[in-house]
Amino acid sequence: MAEFDFDEEIDRRAVPSLKHHRVVLGADGMDLFPAGVADMDFRVAPCITDAIAKRAAHGVYGYETVPDGLIPALTGWLNKRHGWSVDPTHILRAPNVLNALAMAANCFTEPGDGIIVQPPVFFDFADIIADSGRQMVENPLILPDGRYEMDFDGLERIARDPRTRMIFLCNPHNPVGRVWTAEELARVGVICRRHAVLVVSDEIHGDITFPGHPYTPFASISEEDALNCITCLSPAKSFNIAACCSAFAIVPNETRRIALQAENSRLTVNKNNAFASVAMQAAYAGGASWLDAVLVYLQGNLDLVRRRFVEIPEITLIEPEGTFLLWIDFRGLGLDPDDLTAFIRLEAGWSITRGIAFGPQGAGFGRLNIACPRTRLARALDRLVAAKKPAR
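Since the model is a prediction, treat every value here as computed from it, not as a measurement.

(A) Molecular detail of the overall build of the protein chain. Secondary structure assignment for the protein chain yields 13 helices and 13 strands. For 392 residues, the compact-globule estimate of 2.2 N^0.38 gives 21 Å, and the protein chain sits close to it at 21 Å. Out of the 392 residues belonging to the protein chain, those deemed buried represent 55%. A separation of at least 24 residues holds for 74% of the contacts in the protein chain among residues at least 6 apart in sequence. Approximately 17100 Å² of the protein chain is accessible, and the part contributed by carbon and sulfur atoms is 54%. Across the protein chain, the centroid of the 39 positively charged side chains sits 2 Å from that of the 48 negatively charged ones.

As structure tokens, this is what we get:
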């Protein structure tokens, strides 16, 4: 018997799961295949469950400091897993990765300044920029030969503007599944340092990559890049603990670190959650074998999608290099965004994230979460294939 059972069907509707809630599915979509929200349908690593249970058994839940073992667990993980040596004094806490991005924008840019994004990209980037009174400056990704790339000439051009002060980098990239190479990141670094653009890198998916595509932390490229970077990360995606964890910001530049810590204190978002702390420490200290098994299982789910898509030539998989989110090209169906949504929901029976939510560049695409039991994914693919069979 396998050590971890990812085929187990767990009733997530027994708790207020966002993915399965009517706020996401719609009142008329409660029977759809729920594959939009970016979390896993797998039971977490036993070490995490045990750590939370042990902490709960203590019975006293008063104010706490950060456990002594949490930061060493994080730095040990980054060093062993990714060859990235991080000074513990460079690490700040944040409630979540998006909060860290928002604080960085408020601390190191002024209202009206430009923040670069590379669409199609995680839609909350646009919300953060708009809500902070900054301007979103787009450097769209390009798609030659079915693989997304950065437009470095475009990046150089827009970075020259002195009011463009920051870039929100997504590494690995959500939703297109690119795991940026060290060479690509180095080019970003050179351009941003040349034009005094601060790199704020969302690396929440860094642990989830496929063979041949290792994750490279942007700050590991060079000392100069580390000093021009704020890295935002969390075990939320890697260990499926989004509802019971917080995040980290790694800030090697001392002046920026002091400023970000002051902003953290000003907003009083520096309190410690006991259960988040024990969950994160347990994940980093003892969850490696569970994550390794998840990655193997995800590869199997990806292989299943590849096989079934052969039967639907109008629909194309953009080959992923990382994340458990697949970027699917539906443009061969020739449908406008509303008709495409209707096809996916009403005929295929899927609830996935509309590509256009990631920017106009995502029109005709959709984002599918494959971190679910394989039998459930297989049933969903059956419905998609059936929806595209010609009438007899």
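(B) How the structure looks around the pattern of salt bridges. Throughout the structure, instances matching the rule amount to 25 salt bridges. Between R345 and D28 there is a salt bridge, and its shortest N-O distance comes to 3.1 Å. In this pair, R345 sits in helix α12 (residues 337-347) while D28 sits in the loop between α1 (22-25) and β1 (33-34), placing the two residues 317 residues apart along the sequence. D28 gets classed as exposed once you look at its relative accessible area, which sits at 66%. Across the pair R308 and E311 runs a salt bridge, and its minimum N-O distance is 2.7 Å.

(C) A look at the pairing of strand β13 (residues 365-369). Of all five residues in β13, five are buried; the element is thus mostly enclosed. A two-sided burial pattern is seen for β13, the buried positions comprising F365, R367 and N369 on one face and G366 and L368 on the other. Across five bridges, strand β10 (residues 325-329) lies against β13 in antiparallel orientation. Note on β13: the bridge partner recorded for L325 is N369. Sheet analysis places strand β12 (residues 353-354) next to β13, joined by two bridges and oriented antiparallel. Note that in β13 the partner of T353 across the bridge is R367.

(D) Structural context of the environment of D292. Looking at the element boundaries, D292 is found in helix α11 (residues 288-309). Look at D292 and you get partly exposed, because its relative accessible area is 37%. Considering only alpha carbons, one finds D292 and A242, 50 residues apart in sequence, at a separation of 19 Å. Of note is the side chain of D292, whose polar atom sits 2.7 Å from the side chain of R81.

(E) Looking closely at the sheet that holds β10. Pairing is antiparallel in the open sheet, where four strands are placed in the order β9-β10-β13-β12. Only two strands of the sheet have a single partner each, and these edge strands are β9 (316-318) and β12. α11 rests against β9 and β10 of the sheet, and its axis sits at about 150° to β9.

(F) Seen up close, the nonpolar core. Membership of the largest hydrophobic core comes to 124 residues, with the highest contact counts inside it found for F168, I230, W290 and W350. The element best represented in this core is α11, accounting for ten residues. The residues contacting W350, other than those within four sequence positions of it, are L32, F33, I328, I344, R345, L368, A380, L381 and L384.

(G) Up close: the sheet that holds strand β2 (residues 91-94). Strands sit in the order β2-β8-β7-β6-β5-β3-β4 across an open sheet of seven strands; the sheet is mixed. Unpaired on one side and paired on the other, β2 and β4 (135-138) mark the two borders of the sheet. Going across the sheet, the axis of each strand differs from the next one's by a mean of 25°, ignoring polarity. With five bridges joining them, strand β5 (residues 164-170) and strand β6 (residues 198-202) adopt parallel strand pairing.

(H) Here's a closer look at unusual backbone geometry. With an omega of -5°, the peptide bond between N171 and P172 qualifies as cis. Tracing the backbone shows P172 in the loop between β5 and α7 (182-194). A cis amide bond links N174 to the next residue, P175, at an omega of 25°. Relative to the assigned elements, P175 resides in the loop between β5 and α7. Although it is not a glycine, N240 sits at a positive phi angle of roughly 55°. By secondary structure assignment, the location of N240 is in the loop between β7 (229-233) and β8 (247-250).

Reading the values: rules and limits
- Residues numbered from 1 in each chain as written.
- Predicted model: local features only at pLDDT ≥ 70, side-chain atom pairs only at ≥ 80, totals over all residues.
- Heavy atoms only, no water.
- Helix = DSSP H or I, 4+ residues; strand = E, 2+ residues; numbered from the N terminus.
- Rg over C-alpha atoms; globule rule 2.2 N^0.38 Å.
- Buried < 20%, exposed > 50% of the residue type's maximum accessible area, 1.4 Å probe, protein only.
- Contact = heavy atoms within 4.5 Å.
- Areas by Shrake-Rupley, 256 points an atom, 1.4 Å probe, with all protein chains shown as cover.
- Lys, Arg positive; Asp, Glu negative; His and termini not counted.
- Charge placed at Lys NZ, Arg CZ, Asp CG, Glu CD.
- Salt bridge = Lys/Arg side-chain N within 4 Å of Asp/Glu carboxyl O.
- Pairing = 2+ DSSP bridges.
- Polar contact = N/O pair within 3.5 Å; in protein donor to acceptor, adjacent residues only side chain to side chain.
- Axes fitted to C-alpha atoms, helices over the stretch in contact; angles between N-to-C directions.
- Core = buried A, V, L, I, M, F, W, Y, C linked by side-chain atoms within 4.5 Å.

Interpretation note: all reported values are geometric properties and have no functional meaning in isolation.
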